[in-house]
Amino acid sequence: MNANLSAGQSSTRKVKDRLFQALCIGAIIFSLGALAGLLLDVVISGLPSLSWHFFTNFASRFPEKAGIKAAIYGTLWMMSLTASFCIPIGIATAIYLEEYAGDSRLARIIKLNIANLAGVPSIVYGFLGLAIFVRMLQFDRSVLSGALTMALLVMPIVIVSAQEAIRAVPLSLREGSYALGATRWQTTRRVVLPAAVSGIATGVILALSRAIGETAPLIMIGALTFIAFVPDGPMAPFTALPIQIFNWISRPQAGFHDIAAAAVLVLLLFIFIMNAAASILRHRYDRRWQD
Amino acid sequence: MFTSRLPTYGPVWVSWPRSKGKYTGFWLRNHRNKYSILSKSLVTAALILLTILLSGCGGPIDENGLKGKVKIDGSSTVFPITEAVSEEFQLEHPGVRVTVGLSGTGGGFKKFTSGETDINNASRPMKEEEVEQAEENGIEFIELTVAFDGLSVAVNKDNDFAKNMTSAELKKVWNRGSKIKTWKDIRRGWPNRKIKLFGPGTDSGTFDYFTEVINGKEDVSRNDYTASEDDNTLVLGIMNERDAMGYFGYAYYSENKENLNVISVNGVKPDNETIRSGEYEPLSRPLFIYVNKESLEREELRAFVDFYLENAAFLSEQVGYVALDKEDYVEEVNKLEGLGGD
C-alpha cells in the first residue's frame, strides 16, 4: 500500500481515477441514450394514433378503427384484483416473518426461498397458473385466474419490500410500546405498521407496476386477444394491454405497428403514474413521521 | 347517512387508515391540518360506486337476438381472419360473446381436443395424435377450409440473381446438415458470398409446413439460421442484409413488396391467382378452422360458422390472405349441411 502512495505512482492513480469516472459517465450516457432513443421512437410512431376513439373502440382489423377499450378494462380489472390478493397476504406474511417468526431455522429457510422466488422467470408462474387456477380449480381463462397468477408473481416482491420496511422501524419504538404494556399485536398495528407504511406502499406499487407490464404468464394461462366486450365480473374472459401490444406488433401491416406504439405509450403512462405515486407516498410519509 | 364532516374549503388530503382517538379509518386532512374521519359508509359507498362504474359499462345487450358464447383459440396465422369475422359478427349479434385466443395451432388443439374451446384456428391439418386425443375425450369435429396462404421465400432488394429456385434447391439450402454456405454452392454462376438465412422458430405452423413440403419431413431443418417467432423481425433482417434469404407467410411479403424480392418456386411467383389455383406449388397451404360438432348444435355457434363461411372470401383478402374459389366455399357450407343441422 505504501508503495502506491509514492510520488511516482500518484499520476497513474489519478489517471485511473479519471478513467473510472469516464467509464461511469459512459455507462450512464449509454443506458439513458438507449432509453431516450426507444422512447422517442415510440412517441414518434405512437403519438399520432392516440385519439379519443383509440380508448373507446374495441380491437379491429382496420388499424385506424382499432382501440384498446377491452385491454384497458381488462388491465384495470386484473390489477385491482391482483392488488386485493397480494397486498393483504403479502403484508401479513411480512409481519409474521419479521415480528412473530423469530430466527428459527424454518423461518430462515422460508425467508431465503421467498427471496429466491422473486427471481423465478415469469413464464414459470404462467405454467403454475394454468395448471392450478385454470385447470384444477376450473376458474377458466378468467380475470380471476389472471389476477391470481399475477398476485403469485409479485407476492415475493411485496413480501420482501414490506419485510425491509418493517425491519427499518427502530427497535426502540417497539420497546417503548412494550414498556407501556402493549401486546405484540397492538405494537405491530399501532407502532410498527404506521412507521413502515411508506416503505410498504412503495414496495406494493412498484410490484404492481411490474405486474401491469407482464405478458408471458398471461399468454400462458390463455388470456385472450380478440374480445369485443368488457369484463363484467371476476369470472369473465379478458385481454390486457401487453397482450394487445404483442399481437399488433407481430402483424404484417405497418398500421398495426403504429397503434402498438400508441398502446405502449398508454402502458408507459400507467407505469409512470404508479411510480410517481410511489415516490410521492414515500416523500409525504417520511416527512409526516418526523413531525 | 354520512357522518363525516368535510372541510368547507382548501385542499383535502386523504390519509391511509390510521388511528386517532377512538376512531380508526381513512382520515381527511384540510389545509389547516384539521383532521376529520372519513366514515366507513362513505368509503363503502365509493367502492360500490366504483364497482358499478366498472361493471356497468358492458356492451349493449340485444334482447331479441342470439345470446351465448363462442370460444375460439389457436393459430396466430389464422387469427387475423377470425378476428375480422368476429368483429363483423359482433356488430350483427351483440348478444353473442366471441373470444379469440392466440395459443398457436398446437396449443389451441390441446384445448380444442379436451373440449375447452368451440373452434380452433389451424394453419396445418390436425395431427394423428391430436385426432386420437379428441377421440379419447369423445370430441367430434369438422374441418373447414377458410382461406389460402402462400409461404413466400424472399431475398434482399439488391439481390438480382436469385429470382427462381426449384424445390430441390430449396431443400439443399434448408435441409438438416445442409452444406450450403454461399450462393455459389446453390448454383454455379451465382456470387461467392455467404448467405444469411432467416426463418421462423420451431413452434410456428409456418416452420412445420415448410419443413414438411420442402425437406420432406416435418420439423427436419438445418438450425444454423436466425430464427424468430415474429415474422416482422425476419422481414427486417432480410431488408437489411444484402445476402439474406428467408421464408414467411404471404401477407408479410405482400405488405413489404417494395422492400423485398420474392423468389419464384419451380418457376411460379406467389400471387393471389397462383396461390388460389394451387399452381404455386408446393408452398401454397390451406388455412382451417376446426369446429366442435356438439357445439354446432348451439344456435349462436351455427350462426357464427355460417357467417364465417359467407364472409371469409372478402374478409380474408382484406387481412392479406387469399380467398378460396366461390364454389369451394359452397362445398364447405355443404359439409355443414351434411351434418343435418337446420
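Computed from a predicted structure; not experimentally measured.

So, about the overall build of chain B. Along chain B, the regular secondary structure elements total 13 helices and 16 strands. Buried residues in chain B amount to 50% of all 342 residues. Taking as baseline every contact in chain B between residues at least 6 positions apart, the subset at least 24 positions apart corresponds to 69%. A total accessible area of about 16,600 Å² is found for chain B, and carbon and sulfur atoms account for 51% of it.

Moving on to the domain arrangement of chain A. Residue and element names in this part refer to chain A. What the domain assignment lists for chain A is domain 1 (2-49) and domain 2 (54-290). Using only C-alpha atoms to locate each centre, domain 1 and domain 2 end up separated by 33 Å. Listed by partner, the interface residues are seven residues for domain 1 and eight residues for domain 2. When domain 1 packs against domain 2, close to 550 Å² is buried across both sides, 78% of that on carbon and sulfur atoms. Here domain 1 is connected to domain 2 by zero salt bridges.

Another point: the interface of chain B and chain A. Contact with chain B, which involves 40 residues of that partner, is made by 36 residues of chain A. For the pair chain B and chain A, the summed buried surface comes to about 3,500 Å²; carbon and sulfur atoms form 51% of the total. Along the contact surface separating chain B from chain A lie seven salt bridges. Of the charged contacts in the structure, one is a salt bridge between E88 of chain B and R61 of chain A, with a shortest N-O distance of 2.9 Å. Viewed at the interface, chain A and chain B are joined by 15 residue pairs in polar contact (both at pLDDT 80 or more).

Below, the discussion takes up the nonpolar core. Formed by 144 residues in total, the largest nonpolar core has its most connected members in W248 of chain A together with M245 of chain B. By size, the runner-up hydrophobic cluster in this structure holds eight residues, among which are F109, F112, A134 and I139 of chain B.

It is worth spelling out a negative patch on the surface at this point. Residue and element names in this part refer to chain B. A cluster of acidic residues, E128, E129, E132, E135 and E136, forms a negative patch on the protein surface. Position of E136 relative to the elements: it lies in helix α4 (residues 128-136). On the basis of relative accessibility, which here comes to 64%, the residue E136 falls in the exposed class.

Our focus in this paragraph is the pattern of salt bridges. Under the definition given, this model contains 29 salt bridges over all chains. The closest approach of N and O atoms between R276 of chain B and E273 of chain B, which form a salt bridge, is 3.2 Å. Highlighted residues: R276 of chain B and E273 of chain B, both in helix α10 (residues 272-277), separated by three residues, approximately one helical turn. If you follow the salt bridges from partner to partner, you end up with R61 of chain A together with E87 and E88 of chain B in one network.

With that out of the way, let us pick up the packing of aromatic side chains. All names here are of chain B. Enumeration over the complete set of coordinates arrives at 18 aromatic pairs over all chains. Plain terms: the ring middles of F89 and F307 are 5.4 Å apart, the flat faces sit at 70° to each other, and that makes the pair edge-to-face. With F89 in helix α2 (residues 79-92) and F307 in helix α12 (residues 299-318), this residue pair connects regions lying 218 residues apart in the sequence. Look at F89 and you get buried, because its relative accessible area is 0%. On the numbers, 3.6 Å between centres and 10° between planes, the contact of F210 with Y247 is stacked. Linking F210 in helix α7 (residues 205-215) with Y247 in strand β13 (residues 244-248), this pair joins segments that are 37 residues apart in sequence. A single burial state applies to F210 and to Y247, both of which are buried.

An ideal rise of 1.5 Å per residue puts 46 Å on 32 residues; helix α3 (residues 69-100) of chain A measures up with 45 Å between its terminal C-alpha atoms. Note on α3 of chain A: the residue one or two positions beyond its end, G102 of chain A, has a positive phi of about 75°.

Another point: the packing of α3 of chain A against helix α8 (residues 184-211) of chain A. Residues and elements named next belong to chain A. Contact geometry of α3 with α8 gives a least axis separation of 9 Å together with a crossing angle of 135°. Classified by the angle their axes make, α3 and α8 are oblique. Here the hand of the crossing between α3 and α8 comes out right-handed. Here M79, T82, A83, C86, I87, I91, I95, E99 and Y100 of α3 come into contact with α8, specifically with R184, W185, T188, V192, L193, I200, V204, L208 and A211.

All names here are of chain B. Along its sequence, chain B is organised into domain 1 (13-53), domain 2 (68-148 + 286-337) and domain 3 (152-282). When each unit is reduced to the centre of its C-alpha atoms, the spacing between domain 2 and domain 3 is 29 Å. Contacts between the two partners involve 13 residues from domain 2 and, on the opposite side, ten residues from domain 3. For the pair domain 2 and domain 3, the two sides together bury roughly 890 Å², of which 54% comes from carbon and sulfur. In terms of surface lost to domain 3, no three residues of domain 2 exceed F148, G320 and V322, which account for 39% of the buried area on that side. Linking domain 2 with domain 3 are three salt bridges. Between E317 and R276 there is a salt bridge, with the nearest N and O atoms lying 3.4 Å from each other. Across the domain 2-domain 3 interface, the total number found is four residue pairs in polar contact (both at pLDDT 80 or more). In the side of domain 2 that touches domain 3, the residues fall into six nonpolar, three polar and four charged.

On to unusual backbone geometry, then. The amide bond that connects E281 of chain B to the next residue, P282 of chain B, takes the cis arrangement and shows omega of 5°. Take P282 of chain B: it is sitting in the loop between α10 and β16 (284-292).

Another aspect to go through is the packing of helix α6 (residues 143-167) of chain A against α8 of chain A. Residues and elements named next belong to chain A. One way to put it is that α6 packs onto α8 with a least axis distance of 8 Å and a crossing angle of 150°. By the angle class used here, α6 and α8 are roughly antiparallel. Here α6 and α8 pass one another in a crossing that is right-handed. On α8, the residues touching M150, L153, V154, I157, V158, S161, A162, A165 and I166 of α6 are V192, A196, G199, I200, G203, V204, A207, R210 and A211. Counted by class, the contact of α6 with α8 contains 14 nonpolar, three polar and one charged residues.

Cut-offs and rules
Residues numbered from 1 in each chain as written. Chains lettered and ligands numbered in written order. Predicted model: local features only at pLDDT ≥ 70, side-chain atom pairs only at ≥ 80, totals over all residues. Heavy atoms only, no water. Helix = DSSP H or I, 4+ residues; strand = E, 2+ residues; numbered from the N terminus. Buried < 20%, exposed > 50% of the residue type's maximum accessible area, 1.4 Å probe, protein only. Contact = heavy atoms within 4.5 Å. Areas by Shrake-Rupley, 256 points an atom, 1.4 Å probe, with all protein chains shown as cover. Domains from an automatic or database assignment. Buried area = accessible area lost by both parts, 1.4 Å probe. Salt bridge = Lys/Arg side-chain N within 4 Å of Asp/Glu carboxyl O. Polar contact = N/O pair within 3.5 Å; in protein donor to acceptor, adjacent residues only side chain to side chain. Core = buried A, V, L, I, M, F, W, Y, C linked by side-chain atoms within 4.5 Å. Patch = residues over 30% accessible without salt bridge, like charges linked within 9 Å, V, L, I, M, F, W, Y side chains within 5 Å. Lys, Arg positive; Asp, Glu negative; His and termini not counted. Charge placed at Lys NZ, Arg CZ, Asp CG, Glu CD. Phe/Tyr/Trp six-rings, centres within 6.5 Å; stacked < 30°, edge-to-face > 60°. Expected span 1.5 Å × (residues − 1). Axes fitted to C-alpha atoms, helices over the stretch in contact; angles between N-to-C directions. Parallel < 35°, antiparallel > 145°, perpendicular 65-115°, else oblique. Left-handed = near helix turned anticlockwise from the far one by under 90°. Nonpolar A, V, L, I, M, F, W, Y, C, P; charged D, E, K, R; others polar.

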